[in-house]
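Residue strings, one per chain:
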Amino acid sequence: MSVIYYLLISESDRRGLFKEFYSVPEFQREYVWQKSNVEKLLQDIVFELYDEEDLKEDTEYFLGSIVVFRDSDRTYQLIDGQQRLTTIYLIFCIIRDCLAEYSQPSKALESLISGVSQDLMTGDDINKYRLSLQYDSDAAALLEAIADNTVKWNERSKYASSSAEKILDAYDLIKEFVEDRYFNNPQALKQFSSGLGNKIKLIRIETPNLKNALKVFETINDRGVGLTSIDLLKNYLFISTSREKNDNSHWHKLKTKWDKLMKTLYKHKEEPLRFLRYYVMSHYDVSLQNTFPEEDIYNWFLEEGKKYGIFDNPLKFVEELIHACEHYCYFSQAKNTDSSDNQYLKNIQRLQQRYRQHFILLLAGRHLKKELFVKLCLYVENLLFFYTITRSSRRKDVNIIRTFSQWSKKLREVRTEEEFIKFIKVQFLPEFLSMRDDFELTFRDLTDAKVAKFRVRYILAKINQYIDDLVYSNSKPLDWYLNKSHHIEHILPQSSSTEIINIFDKPKDYKSYVQKLGNLTLLEKTINTSVSDKPYEQKKLGYRESQIFTTRSLVEKPNVGNNTQLNRAIQLLGIQQFEYWNSESIEKRQEILTQVAKRVWGLEVGGTQIWDSEIETDYS
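- The protein appears in an unreviewed UniProt entry as DUF262 domain-containing protein from Anabaena azotica FACHB-119.

### Comments concerning the nonpolar core
Okay, step 1: With 127 residues, the main nonpolar core has Phe301, Leu376, Phe385, Phe428, Phe443, Ile459 and Trp601 as its most contacted residues.
Okay, step 2: The element that contributes the greatest number of residues to this core is helix α16 (residues 370–390), accounting for 12 residues.
Okay, step 3: Leu42, Leu131, Ala147 and Leu202 belong to the second-largest nonpolar core, a separate cluster that totals 58 residues.

### A short note on a negative patch on the surface
Okay, step 1: Among the surface-exposed residues, Glu371, Glu413, Glu417, Glu418 and Glu419 lie close enough to one another that they form a single negatively charged patch.
Okay, step 2: If one sorts the elements of the negative patch by residue count, helix α18 (residues 417–434) sits on top with 3 residues.
Okay, step 3: When you line up the elements, Glu413 lands in the loop between α17 (400–411) and α18.
Okay, step 4: What makes Glu413 exposed here is its relative accessible area of 55%.

### Comments concerning unusual backbone geometry
Okay, step 1: For Asn149, which is not a glycine, the phi torsion comes out positive at approximately 55 degrees.
Okay, step 2: Tracing the sequence through the fold places Asn149 in the loop between α5 (137–148) and α6 (162–181).
Okay, step 3: On the basis of relative accessibility, which here comes to 49%, the residue Asn149 falls in the partly exposed class.
Okay, step 4: Positive phi, close to 60 degrees, is recorded for Ala334, a residue that is not glycine.
Okay, step 5: Residue Ala334 is classed as buried on the basis of its relative accessible area, which comes to 1%.

### What to know about the packing of aromatic side chains
Okay, step 1: What the rule picks out here adds up to 40 aromatic pairs.
Okay, step 2: Judged by centre distance (5.6 Å) and plane angle (25 degrees), the rings of Tyr22 and Tyr76 are stacked. Within this pair, whereas Tyr22 is found in strand β1 (residues 22–24), its partner Tyr76 is found in strand β5 (residues 76–80), the two being separated by 54 residues in sequence.
Okay, step 3: On the accessibility criterion, Tyr22 (4% relative accessible area) is buried.
Okay, step 4: Of the residues examined, Tyr76 reaches a relative accessible area of 3% and is grouped as buried.
Okay, step 5: Residues Trp407 and Phe428 carry aromatic rings whose centres are separated by 4.8 Å and whose planes lie at 50 degrees to one another, so their mutual orientation is tilted. Highlighted residues: Trp407 in helix α17 and Phe428 in helix α18, separated in sequence by 21 residues. Across the pair, Phe428 and Trp407 agree in class, each one buried.
Okay, step 6: Stacked on the ring of Tyr50, the Lys or Arg Arg181 has its end atom at 4.8 Å from the ring centre.

Criteria and thresholds
- Residues numbered from 1 in each chain as written.
- Predicted model: local features only at pLDDT ≥ 70, side-chain atom pairs only at ≥ 80, totals over all residues.
- Heavy atoms only, no water.
- Core = buried A, V, L, I, M, F, W, Y, C linked by side-chain atoms within 4.5 Å.
- Buried < 20%, exposed > 50% of the residue type's maximum accessible area, 1.4 Å probe, protein only.
- Helix = DSSP H or I, 4+ residues; strand = E, 2+ residues; numbered from the N terminus.
- Patch = residues over 30% accessible without salt bridge, like charges linked within 9 Å, V, L, I, M, F, W, Y side chains within 5 Å.
- Areas by Shrake-Rupley, 256 points an atom, 1.4 Å probe, with all protein chains shown as cover.
- Salt bridge = Lys/Arg side-chain N within 4 Å of Asp/Glu carboxyl O.
- Lys, Arg positive; Asp, Glu negative; His and termini not counted.
- Charge placed at Lys NZ, Arg CZ, Asp CG, Glu CD.
- Phe/Tyr/Trp six-rings, centres within 6.5 Å; stacked < 30°, edge-to-face > 60°.
- Lys NZ or Arg CZ within 6 Å of the ring centre and 35° of its normal.

Here it is as C-alpha cells:
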C-alpha cells in the first residue's frame, strides 16, 4: 500500500486560501448539497461571525478541512471539500453581483472569483476561474456563467444535469438570503463579504499525486462523509483508466460516457444506485445472503471487478452500463427495448406504481426476442399480482429480490423459444401453483377494504377486459377500463337510507356486503351520477344503458343466439342476470368473479393466453 503524505497549511497560508485555483476532477462526486445543507451553512456562518447585526472582531468560523493535490499547472485538484468550496464560491459571486447592482463593485471580490496565473512553459498570463468543475459539462458551464454573471435565467432549463439543478437551487437560496438580510444596505453586505474572506478558516491537506486519490476516497467514506458506491466506483474506473493509459483521450472518453450514463438516469428520474444494484444482480453472480444491499456494491466491485475484467477495460464496462441503462429507462416508461409500448409493463405500473424490483429480471432478459420478452413481462405481471393479492411477499420465506436475482442467472443463458418455455416451467410455474389455493381463497373473501382502491380498479379492469375479449374477441386496452370516466360502482349503495338498509335481507351485515368484490362493478361516470345511492330496482335502468358488458349483463340477458361465440362465452363464465340484489346475489357474483379471475390470471388451463401448449400439459 502506498504511503499518503499530508501537508498542513500554515496560518498565514490559510488567509490566502480563497486566492488559489481549484478544480474538481472528473472522478469526483457531483454537487449533491440540498437546500437544507446550504441553509445550514449560511446559518452557521452568521451565528459564528455576528453578534446581532454587528460583525464580531475576535471570532472565526472553522469550515473544516479539504483534501487536494497539485496538478501539472499548479492547480489544486479537490479530492474532498468541493461541496463546501462550491457553495462558498457561489456566495462570493452573488455578493459581487448584488454590490454591482448598488453601483459599488468590489475588486477584492472579483479576485476571489477569478484571477491570473502564468503558463509554466511560456510564462504567458492565463485568466482563470478560482474554481472549475470537470465532472459534469452542464454544471461546469453553469458555474462559469455564474462567475461571469452571464446566466440567462429564462434559459435555466438548458442546464439539465442533477448537479446543475442543485447548483441552481443553492444559487436561488443564497440570493434570497443575501437580498433579504442586506436589502438596500451595501455597506453591511461589504462587511459580510470581508468576514467571509478573512474569518472563515480551512485546513488544506495536500496529497502528492493522483495515485493517492482512491485511498483518500476510501478513507473519507470510512469517516462517514457520505460518499456513495456510485462516487467510489466512478473514482475507481477513472483511476483504472489512468493506470492503463498515459494520454488524456481515454479520460475524456470515459468522462463523456459517464456523463451520458448519469444524464440518462437523471432525465428519467431514476436512482443511479438502484440501477447499479439491479444491473449487477441481473448480470453477475452475487451473494444473496442479505439481498445485496446498496452499501455492498462497491465492495463487490473491489472483490469481483478483476474476475469479470471490469477494471481491465473500464471504458467497455461503462458502455455496457449505458446500454443497460437505456433499456432500464425504457422499462420505466413501460416500453420494450426497441422503445415500442409494452402493455404488461404498463399494467405493472398500474398495479405496483413505482415498484422496480422486477427490473432485475427484465435486465437479464433484455436480449430475448421481442415476442419472448413481451411474454416474460406477462408472466412477471401475473406473478407480482399473485404475490400482492395473496400477501405472499410478506412471508419470511419469500424474498422477491433474491428470487429474481437467482432466476436472472438462468435467464441470461436462454436463447431459444424452447429454452424460454423450459425456464418458465421450472421457475414461474411452481410459484403460480403454490399460490393457486391462496389466490382462490383471497378472491372469495375479497373486499375493497382489504385492497387499495387503485388495485381494486386494476382487478375490475382486468376481469372486464378478459370477458370482453372472450365475448367479442375485441377487448379494449386496459387504460380504457381504468379511465377516470369509469367509476367503481357499489351496486348495494355505500351511502344509503335506513329504508334501503332495512329491506336488505341481512341488514346487520349491510356494511360488510357493500364492500365485497361481488358488489362492485365498473360504470360510466354519467350513469353512476344518476343512479348513485338508489336501490337496485331503480339502478337497473341505468345499468341497461352501460357500454360495459359485465355491468349491462347484470340486468339484461344478452342476445346470445345458438352456439355462438357469445353464447359459449356466457356459459363458460357462468354469467347470469339478477332480478333482486341481496346477500345471496352478492355471494353468487363473488363466486363468478373468483372463477373468472382464475382464468384471467392463468390459474386454469384455457384461461388467459399465458401458457404454451407444452406448459399446459404439465399444468393440468
